[in-house]
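Residues per chain are reported as follows:
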Amino acid sequence: MIKLDLAGVTPFLDKSEWQKTEPVAAAHEELVTKYGIDCGYTSWLNLPETYNRNEFKRIKAAAEQIRSESDVLLVIGVGGSYLGTRAALELLRSPNYNLSAKHTPNVYFVGNNLSAEHINEIGSLLRNKNFSINVVSKSGGTLEPAIAFRIFKDFLESRYGDIGARSRIYVTTDRAKGALRQWAEKEGFTSFVIPDKIGGRFSVLTAAGLLPMAVAGIDIDQVLAGAFDAMKTYTEDTSFHNAAWQYASVRQSLYRQGQNIEVLACFEPAFRYMGEWWKQLFGESEGKGHGGIFPASVDFSADLHSMGQYLQDGARTLMETVVSFETFRRDIKIPALAEDFDGLNYLAGRGVEGINQAAKRATVKAHIDGGIPVTEIILPDMNETAFGWLTYFFQLSCGLSALMQGVNPFDQPGVEDYKRNMFKLLGRPE
């Protein structure tokens, strides 16, 4: 499914160095066979094969229920409980999904910040709308979604009453523990499980992502089918033909040479939130011990007019990964003008997508010529299968790369520091 083009990165590397199989093979053994991971959060590795079929049917049934009675699904979550879902929605439906004419509910996101302005704006959008809530939290105690759930649960109850509201709340949380699990059991909310040993940033292929996707009309069977094919391809291939091995090895080789910033780029606006999800995945997994590759993302060609100068001529501490698609859903031709005011009649009759592809090729060449190593990831289409495949590819590559760096991919000790400070400032009881 994925084509990995390394022509733009290998000139920057010592071939005998980056193609050493021992480091990535050792990481693969450690990750895939689950040896040596103290945290043990590796259940996502086999998830596309071992997922709970009965729960999957319940997800589809719940999605159908939400579609039948709601104009809006309000997804409450932060970080991994939010970014992957929004990435899927924008890539597979549209960044303008909520503005489009359709037969599925709008999907709004809240609980990913502490802005009163944002919360009030979402509340105003729900006026005169039938809505349901999907609150996604492994623990139920994370501040941003917990506050949002309190507020919008109260809003729901004022609209539908206690019993009516209860039937419109869908909880995705831990199987057995945590505040949200206890609340769901006490109130009788419909609930789904984030399986044991799957952290938030690796949870998009669980109910955390699949329920909102299904509500929006995304074919979740095909999402998991793509992930399953990727799983079989990348976990069973223990040779350097494995694209996940190559991507992880390239990243770590460049990092050792001093390229400590990776920029993920795409020429499709619908890819923007895939970049946001990718940043959390790699940033939380590798940014430890005052080291790691700093993940950044750009939206081309728009950011060529803002970040383009720095990318071309700034500090050479960058590596770049460019994602593109071989086919596209729609195109539009450029019209001719009777008077060629802008000098673009030479492009009349040509499709905009062809020009976008030319911009990609020109940018990649310019960046390579300017001293940036560029890895290209090419997928056949922007569809559900490709999304599942790419999601699994990045997750596995991230685990391999972090282990090669010598850090645990599955903890995030630094995140807990700000939480402790914030709760102290807020006066939370000990």
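Residues numbered from 1 in each chain as written. Predicted model: local features only at pLDDT ≥ 70, side-chain atom pairs only at ≥ 80, totals over all residues. Heavy atoms only, no water.

Examining the packing of aromatic side chains
This is how the line gets drawn: In this scheme Phe, Tyr and Trp rings, the latter by its six-membered ring, pair at centre separations within 6.5 Å, and the angle between planes marks the pair as stacked below 30 degrees, edge-to-face above 60, and tilted otherwise. Secondary structure elements follow DSSP: runs of H or I of four or more residues count as helices, runs of E of two or more count as strands, with numbering from the N terminus. We call a residue buried when its accessible area falls under 20% of the maximum for its residue type, exposed when it is over 50%, and partly exposed in between, using a 1.4 Å probe and counting protein chains only.
Tallied over the full model, the rule gives 24 aromatic pairs. On the basis of an interplanar angle of 55° and a centroid distance of 6.4 Å, the ring pair of Trp-44 and Phe-410 is categorised as tilted. Placement of the pair is Trp-44 in the loop between helix H2 (21–32) and helix H3 (47–50) and Phe-410 in the loop between helix H15 (384–405) and helix H16 (413–426), with a sequence separation of 366 residues. Residue class for Phe-410 comes out buried when judged on its relative accessible area of 5%. With a centroid separation of 6.3 Å and 80° between ring planes, the pair formed by Tyr-247 and Phe-282 is classed as edge-to-face. Of this pair, Tyr-247 sits in helix H11 (residues 243–256) while Phe-282 sits in helix H12 (residues 272–286), placing them 35 residues apart in sequence. Per residue, the accessibility class of Tyr-247 equals that of Phe-282, and both read buried. Joined through ring pairs, the aromatic side chains of Tyr-234, Tyr-247, Trp-277, Trp-278, Phe-282, Trp-389, Phe-393 and Phe-394 make up one cluster.

Re a nonpolar patch on the surface
Applicable threshold: Here, patches come from residues exposed beyond 30% relative accessible area and free of salt bridges, joined within 9 Å for like charges and within 5 Å for nonpolar side chains (Val, Leu, Ile, Met, Phe, Trp, Tyr). Accessibility throughout is a Shrake-Rupley quantity obtained with a 1.4 Å probe, and a residue counts as covered only by protein chains that appear here. Counted as salt bridges are all cases of a side-chain nitrogen of Lys or Arg within 4 Å of a carboxyl oxygen of Asp or Glu.
Residues Leu-114, Ile-147 and Ile-151 make up a contiguous nonpolar surface patch of roughly 230 Å² in combined accessible area. By the element assignment, Leu-114 lies in the loop between strand E3 (106–110) and helix H6 (116–125). Look at Leu-114 and you get partly exposed, because its relative accessible area is 47%.

Observations regarding H12
Cut-off, in case you're wondering: Every helix has an expected span of 1.5 Å times one less than the residues it contains. Contacts were defined at the residue level, with two residues in contact if any of their heavy atoms lie within 4.5 Å.
For H12, which comprises 15 residues, the first-to-last C-alpha distance of 21 Å matches the rise-based estimate of 21 Å (1.5 Å per residue) to within 8%. When H12 is considered as a whole, its buried residues turn out to be Tyr-273, Met-274, Gly-275, Trp-277, Trp-278, Gln-280, Leu-281, Phe-282, Ser-285 and Glu-286. Against the buried residues of H12 lie helix H5 (83–92), H11, strand E7 (261–266), strand E8 (294–299) and H15.

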